[in-house]
Amino acid sequence: MLPLQAWGQGHPGVDQQKVDLAIDKGIGFLTKSAPVLDKHIPLVLYTFLHSGMSDTHPKFKDYLSKLLTLPLLKTYEVAIQAMFLAEYDAVNYQWRIAQCAQFLVDNQLTNGQWDYGKETNIPVASGAFKPVKKKGKTKVRSRKILIRPQNQRSGTGDNSNSQYAVLGLRACIQSRVFPPKKTLDLALRWWYQSQNRDGGWEYRNPTQNSYGSMTAGAIGCVVILDYYLKRNWKRDPRVKSALIWMTKNVTVKKNPHKPQNRAYYYYMYALERAGVLSGVKKFGTFDWYRKGANQLITLQTTTGAWGSTSQTCFSILFLRRGTPGLPGVATGR
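Residues numbered from 1 in each chain as written. Predicted model: local features only at pLDDT ≥ 70, side-chain atom pairs only at ≥ 80, totals over all residues. Heavy atoms only, no water.

1. What about the environment of Ala-22?
For step 1, the next point in the chain: Within the fold, Ala-22 resides in helix α1 (residues 16-32).
For step 2, the next point in the chain: Considering only alpha carbons, one finds Ala-22 and Thr-301, 279 residues apart in sequence, at a separation of 9.8 Å.
For step 3, the next point in the chain: Excluding its chain neighbours within four sequence positions, the residues that come into contact with Ala-22 are Ile-297, Gln-300, Trp-306 and Leu-319. (Helix = DSSP H or I, 4+ residues; strand = E, 2+ residues; numbered from the N terminus. Contact = heavy atoms within 4.5 Å.)

2. Some remarks on the layout of surface pockets
For step 1, the next point in the chain: Taken as a whole, the largest pocket holds about 620 Å³ of empty space.
For step 2, the next point in the chain: Around the largest pocket, the lining is made up of 22 residues, and of these Tyr-76, Ser-160, Tyr-266, Ser-310 and Phe-314 lie nearest the centre.
For step 3, the next point in the chain: When the residues that make up the lining of the largest pocket are grouped by side-chain class, the tally is 13 nonpolar, five polar and four charged.
For step 4, the next point in the chain: The space that makes up the second largest pocket amounts to roughly 180 Å³.
For step 5, the next point in the chain: Taken together, Ile-173, Phe-178, Pro-179, Pro-180, Lys-181, Leu-184, Tyr-228, Leu-229 and Lys-230 make up the full set of residues lining the second largest pocket. (1 Å grid on protein atoms, 1.4 Å probe; cavity = no way out; pocket = protein on both sides within 12 Å on 5 of 7 lines; lining within 4 Å. Points joined across faces, edges and corners; volume = space filled by probe spheres on them. Nonpolar A, V, L, I, M, F, W, Y, C, P; charged D, E, K, R; others polar.)

3. Here we look at the packing of helix α2 (residues 41-51) against helix α4 (residues 75-89)
For step 1, the next point in the chain: At their nearest, the axes of α2 and α4 sit 8 Å apart, and the two run at 25° to each other. Judged by the inter-axis angle, α2 sits roughly parallel to α4. The handedness of the crossing between α2 and α4 comes out as left-handed. Residues Pro-42, Leu-43, Leu-45, Tyr-46, Leu-49 and His-50 of α2 touch α4, and the partners they reach there are Glu-77, Ile-80, Gln-81, Met-83, Phe-84, Glu-87 and Tyr-88.
For step 2, the next point in the chain: Across the contact of α2 with α4, the residue classes tally to nine nonpolar, two polar and two charged. (Axes fitted to C-alpha atoms, helices over the stretch in contact; angles between N-to-C directions. Parallel < 35°, antiparallel > 145°, perpendicular 65-115°, else oblique. Left-handed = near helix turned anticlockwise from the far one by under 90°.)

4. Side note on the environment of Asp-20
For step 1, the next point in the chain: The residue Asp-20 is located in helix α1 in this model.
For step 2, the next point in the chain: In this structure Asp-20 comes out as partly exposed when scored by relative accessible area, which is 29%.
For step 3, the next point in the chain: Separated by 296 residues in sequence, Asp-20 and Ile-316 place their C-alpha atoms 9.7 Å apart. (Buried < 20%, exposed > 50% of the residue type's maximum accessible area, 1.4 Å probe, protein only.)

5. Digging into empty space enclosed by the protein
For step 1, the next point in the chain: For the coordinates displayed, the defined rule picks out one cavity of 30 Å³ or more.
For step 2, the next point in the chain: In terms of lining, the largest cavity is formed by Tyr-46, Met-83, Ala-86, Glu-87, Leu-167, Arg-170, Ala-171, Gln-174, Tyr-269, Arg-273, Thr-323 and Pro-324.
For step 3, the next point in the chain: Partitioning the lining of the largest cavity into residue classes produces seven nonpolar, two polar and three charged.

6. Describing the packing of aromatic side chains
For step 1, the next point in the chain: Inspection of every chain in the model, using the stated rule, returns 16 aromatic pairs.
For step 2, the next point in the chain: Taking 5.5 Å as the distance between ring centres and 50° as the angle between the ring planes, the aromatic pair formed by Phe-60 and Tyr-88 counts as tilted. Of the two residues, Phe-60 is situated in helix α3 (residues 58-67) and Tyr-88 in helix α4; the sequence distance between them amounts to 28 residues.
For step 3, the next point in the chain: Consider the rings of Tyr-269 and Phe-314, whose centres lie 5.6 Å apart with planes at 15°: the pair is stacked. One end of the pair, Tyr-269, is in helix α10 (residues 264-278); the other, Phe-314, is in helix α12 (residues 309-319), with 45 residues separating them in the sequence.
For step 4, the next point in the chain: Exposure remark for Tyr-269: the relative accessible area of 1% places this residue in the buried category.
For step 5, the next point in the chain: Its end group placed over the ring of Tyr-192, Arg-238 keeps NZ or CZ at 3.8 Å from the ring centre. (Phe/Tyr/Trp six-rings, centres within 6.5 Å; stacked < 30°, edge-to-face > 60°. Lys NZ or Arg CZ within 6 Å of the ring centre and 35° of its normal.)

7. Brief notes about α2
For step 1, the next point in the chain: Most of α2 is tucked away: eleven of the eleven residues are buried.
For step 2, the next point in the chain: On its buried side, α2 packs onto α1, α3, α4, α10 and α12.

8. Re the packing of α10 against helix α11 (residues 288-299)
For step 1, the next point in the chain: It is the contact of α10 with α11, at a shortest axis distance of 11 Å, that shows an interaxial angle of 155°. Our classification of the angle between α10 and α11 gives roughly antiparallel. Note on packing geometry: the crossing formed by α10 with α11 is left-handed. Only Trp-288, Gly-292, Gln-295, Leu-296 and Leu-299 of α11 make contact with α10, whose side of the interface consists of Tyr-264, Tyr-265, Met-268, Leu-271, Glu-272, Gly-275 and Val-276.
For step 2, the next point in the chain: For the contact of α10 with α11, the per-class residue count stands at eight nonpolar, three polar and one charged.

9. Here we look at unusual backbone geometry
For step 1, the next point in the chain: At Lys-230, a residue that is not glycine, the phi angle is positive and equals roughly 60°.
For step 2, the next point in the chain: Of note, Lys-230 is situated in the loop between α8 (212-228) and α9 (237-249).
For step 3, the next point in the chain: Even without being glycine, His-257 reaches a positive phi, approximately 65°.
For step 4, the next point in the chain: Among the structural elements, His-257 can be located in the loop between α9 and α10.
For step 5, the next point in the chain: Overall, the relative accessible area of 51% leaves His-257 in the exposed class.

So this is what it looks like as structure tokens:
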């Protein structure tokens, strides 16, 4: 389990007791409500982990058991499963993380995007990659696993699935499960090509309809890809122009420029990732965590929920600042 101190202690202008209470109420909603759908299990487990819930909790144990038997079918769920396992126990579950990596590599489209994905041949068995114990050492460590593509899918995808695929691949790399460099190159090329002239991104192709959730998510992706491709993301003009867009448009009242304020909580979690991964504490003078945390506290219902199961998870992950920073890179905390 993650140590609570890894998340930091409070934030100026934020009542940490209110944050903790909101998280506890949100977890209460997730544990007391009806069993979640299979597609939500990875996200709920990831939220449990970042809430500090013990892995001996009945719900945690039940969902973990189910997680390891779920077929790998959809990009979102597979990516978040890798994220959860990488932070929970990347050594003993490396075999499953390798399966997630194979799915993500084989479902990348020829233009560098991902769509919702489809089932692929995943031959890795649970005993294929047993942890290594070095001679004279008591601690075991994971092996280095190289994923080789088994097929290439044609077509186009969307920038939402593509965001989560990159997050999943990052988790795999952290777990010493390495996708081909070509996979990362293709992904970065797509993000470069799809950026709008104003510095933002939208759901599919470059237009002039940039909006908050896609732009915030894209910032995190480009930073991750630059980092693992050994590029200086701080000097990347695409990152710079995207941060300028966020500075001009950031708010926690709505998903900027998204009609009917759709995908608000999805946006808030993307905002958290953009801040942490880029090391930005403020977009200009806008303290994204202070304003966001205080806003989310006011939006929580008496049941402990923020709308749906996924919306509640996104809110808790924002409040907990759940995104792990990149090694050696200061986080936006």
